Amino acid sequence: KYIVVDADTETNVWWDNNQRMERAQFDLLKSDMLAHARMKDLFVQDLEACPGTEPLPVRLITETAWAALFMRHLLKPSEVTAGNFAAEFHIINLPSFEAIPARHGTRSETVIALDFAQRIVLIAGTAYAGEMKKAVFTLLNYLLPEQDVLPIHCSANVVAAGDTWIFFVLSGP
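Residues numbered from 1 in each chain as written. Predicted model: local features only at pLDDT ≥ 70, side-chain atom pairs only at ≥ 80, totals over all residues. Heavy atoms only, no water.

Draft legend 1. Spotlight on helix 5 (residues 130-143). Its 14 residues give helix 5 an end-to-end C-alpha distance of 20 Å, which sits within 8% of 20 Å, the value for a rise of 1.5 Å per residue. Along helix 5, the residues that are buried comprise Gly130, Glu131, Met132, Lys133, Ala135, Val136, Thr138, Leu139, Leu140, Tyr142 and Leu143. (Helix = DSSP H or I, 4+ residues; strand = E, 2+ residues; numbered from the N terminus. Expected span 1.5 Å × (residues − 1). Buried < 20%, exposed > 50% of the residue type's maximum accessible area, 1.4 Å probe, protein only.)

Encoded structure:
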């Protein structure tokens, strides 16, 4: 996973566990992915992360119907008509595109790259749907603390007595 380094991310990202990507590398990767996408049938979903008073509008563009359906179940489909939807972030997920490490500055053919300034996430070389989910979590972990909101990966249920139960669970074995 890579994050574009700029004036904001330089001081606001914990770089010990994140890889830097220069804007020129990101732009080249994006250009090559968009050229690749022109040859594909694409599925577009207009979605909202954190539905409520301040949802984050996200447009997903992917080449697989099942990935679009996965995210449609994870995030809330937008009720805004397509012509009026104003995405704050775009996720472009092209599993069939493989990065060229020497060209794109990556360590392998698989790449997840986030540019907070352009508000774009690029996912390539992997069909693992969890990368889209984790990208949204990364966006929220970066944006929400500035709004005095603590993003938490959890689930909440309201029981019959009206109490709320919060479940914190890590995925995996």
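Draft legend 2. Structural context of the environment of Glu88. Relative to the helices and strands, Glu88 is located in the loop between strand 5 (76-77) and strand 6 (89-94). Along the backbone, Glu88 and Ala124 are 36 residues apart, and their C-alpha atoms lie at a distance of 21 Å.

Draft legend 3. Main features of the pattern of salt bridges. Enumeration according to the criterion identifies 9 salt bridges in this entry. Of the charged contacts, one joins Arg103 and Asp32 as a salt bridge, the two residues approaching to 2.6 Å between their closest N and O atoms. Of the two residues, Arg103 sits in helix 4 (residues 101-104) while Asp32 sits in helix 2 (residues 23-37), which places them 71 residues apart along the sequence. (Salt bridge = Lys/Arg side-chain N within 4 Å of Asp/Glu carboxyl O.)

Draft legend 4. Spatial organisation of the sheet that holds strand 4 (residues 56-62). As summarised here, the arrangement of the 8 strands in space is 2-1-7-8-6-4-3-5, forming an open sheet in which the pairing is mixed. At either end of the open sheet lies a strand with only one pairing partner, and these are strand 2 (19-21) and strand 5. Bridge count for strand 1 (residues 2-4) against strand 2 is 3 bridges, and the pairing is parallel. Its bridge partner being in strand 2, Tyr2 is matched across the sheet by Gln19. Most of the contacts of helix 2 go to strand 8 (residues 120-124), to which it runs at about 65°, and overall it touches strand 1, strand 2, strand 6, strand 7 (111-115) and strand 8. The sheet contacts of helix 3 (residues 65-74) involve strand 3 (43-49), strand 4, strand 5 and strand 6, and relative to strand 3 the element is tilted by about 15°. (Pairing = 2+ DSSP bridges. Contact = heavy atoms within 4.5 Å. Axes fitted to C-alpha atoms, helices over the stretch in contact; angles between N-to-C directions.)

Draft legend 5. Expanded view of the nonpolar core. Within the largest apolar cluster, 28 residues are counted, with the highest numbers of intra-cluster contacts made by Ile91 and Met132. Among the elements of the structure, strand 3, strand 4, helix 3, strand 6, strand 7, strand 8 and helix 5 are those that each provide at least two residues to this core. Top element by residues in this core is helix 5. It accounts for 7 residues. In this structure, Ile91 is in contact with Val58, Arg59, Leu60, Ile61, Val121, Ile123, Met132 and Val136, ignoring residues within four places of it in sequence. Listed in part, the 17 residues of the second largest apolar core include Met21, Phe26, Ile61 and Val111. (Core = buried A, V, L, I, M, F, W, Y, C linked by side-chain atoms within 4.5 Å.)

Interpretation note: all reported values are geometric properties and have no functional meaning in isolation.
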